[in-house]
Amino acid sequence: MNAVAQITTNAITGFSGHQLALIRRTVAADCNASEFDLFMAVAQSKGLDPFTKQVHAVVYNKDKPDKRKMAIITGIDGFRVIAERTGVYRPDEDEPDFTYDPELKG
């Protein structure tokens, strides 16, 4: 990557060249170039941050090109961010209370 690309911000993802290189080396280390581009496009389109583990790229069968697959997985914090954007997300401070009907046991 040249010096200009490292300093400027990528217009599509909003990450700098340094940040994209860091994501490629760490969070998406198993991705090839196409998979990395897809991962970043999905993260950007959903407004999720790979640095805070809101979204993950998992590559299966890395050593078998004919079976290689990448899954983009949203982490729990990613789901919380998405829920917060709805404006009606209200996490509960109390643990849930489960009640069971004794007649239905067994």
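For the structure itself, consult the block above.
Here we summarise the structure given alongside this text. (Residues numbered from 1 in each chain as written. Predicted model: local features only at pLDDT ≥ 70, side-chain atom pairs only at ≥ 80, totals over all residues. Heavy atoms only, no water.)

The next thing to look at is the packing of helix H2 (residues 17-25) against helix H3 (residues 33-46). The contact between H2 and H3 brings their axes to 11 Å, and the two run at 115°. Like other packed secondary-structure pairs, H2 and H3 cross with a definite hand, here right-handed. Seen from H2, the contacting residues are Leu20, Ile23 and Arg24; seen from H3, they are Ala33, Phe36, Asp37, Phe39 and Met40. Among the residues making up the contact of H2 with H3, the classes are represented as six nonpolar, no polar and two charged. (Axes fitted to C-alpha atoms, helices over the stretch in contact; angles between N-to-C directions. Helix = DSSP H or I, 4+ residues; strand = E, 2+ residues; numbered from the N terminus. Left-handed = near helix turned anticlockwise from the far one by under 90°. Contact = heavy atoms within 4.5 Å. Nonpolar A, V, L, I, M, F, W, Y, C, P; charged D, E, K, R; others polar.)

This part takes up the environment of Val58. Mapped onto the secondary structure, Val58 falls in strand S1 (residues 55-60). The class of Val58 is partly exposed, set by a relative accessible area of 26%. (Buried < 20%, exposed > 50% of the residue type's maximum accessible area, 1.4 Å probe, protein only.)

Now for H2. The complete set of buried residues in H2 reads Gly17, Leu20 and Ile23. In an axial view of H2, the angular spread of the buried residues amounts to 125°, which keeps them on one side of the axis. (Arc of directions from axis to C-beta.)

Okay, a negative patch on the surface next. Judged by side-chain charge, Asp92, Glu93, Asp94 and Glu95 come together as a negatively charged surface patch. Relative to the assigned elements, Asp94 resides in the segment after helix H4 (76-85). (Patch = residues over 30% accessible without salt bridge, like charges linked within 9 Å, V, L, I, M, F, W, Y side chains within 5 Å. Areas by Shrake-Rupley, 256 points an atom, 1.4 Å probe, with all protein chains shown as cover. Salt bridge = Lys/Arg side-chain N within 4 Å of Asp/Glu carboxyl O. Lys, Arg positive; Asp, Glu negative; His and termini not counted. Charge placed at Lys NZ, Arg CZ, Asp CG, Glu CD.)

So, about the nonpolar core. Residues Ile23, Ala28, Cys31, Phe36, Phe39 and Met40 are the most contacted members of the largest nonpolar core, which totals 13 residues. A total of four residues in this core trace back to one element, the largest contributor, which is H3. (Core = buried A, V, L, I, M, F, W, Y, C linked by side-chain atoms within 4.5 Å.)

Residues spaced three or four apart along an α-helix face the same direction, because each turn holds 3.6 residues. Compared with an ideal rise of 1.5 Å per residue, which puts 14 residues at 20 Å, H3 spans 20 Å between its outermost C-alpha atoms and is within 8% of the ideal. Buried within H3 are the following residues: Glu35, Phe36, Phe39, Met40 and Ala43. Down the axis, H3 shows its buried residues gathered within 130° of arc, on one side only. The exposed residues of H3 that point more than 90 degrees off its buried face are Ser34 and Ser45. The N-cap of H3, judged by a side-chain oxygen 3.2 Å from the amide nitrogen of Ser34 a few residues on, is Asn32. (Expected span 1.5 Å × (residues − 1). Polar contact = N/O pair within 3.5 Å; in protein donor to acceptor, adjacent residues only side chain to side chain.)

On to the packing of aromatic side chains. To describe a pair of aromatic rings, one takes the distance between the centres and the angle between the planes. Inspection of the entire model under this criterion finds one aromatic pair. Taking the centre distance of 5.7 Å and the plane angle of 75° together, the rings of Phe15 and Phe51 count as edge-to-face. Placement of the pair is Phe15 in the loop between helix H1 (3-7) and H2 and Phe51 in the loop between H3 and S1, with a sequence separation of 36 residues. Note on Phe15: relative accessible area 14%, which makes it buried. Residue Phe51 is classed as partly exposed on the basis of its relative accessible area, which comes to 32%. Cation over ring: Arg24 sits above Phe36, and NZ or CZ is 4.0 Å from the ring centre. (Phe/Tyr/Trp six-rings, centres within 6.5 Å; stacked < 30°, edge-to-face > 60°. Lys NZ or Arg CZ within 6 Å of the ring centre and 35° of its normal.)

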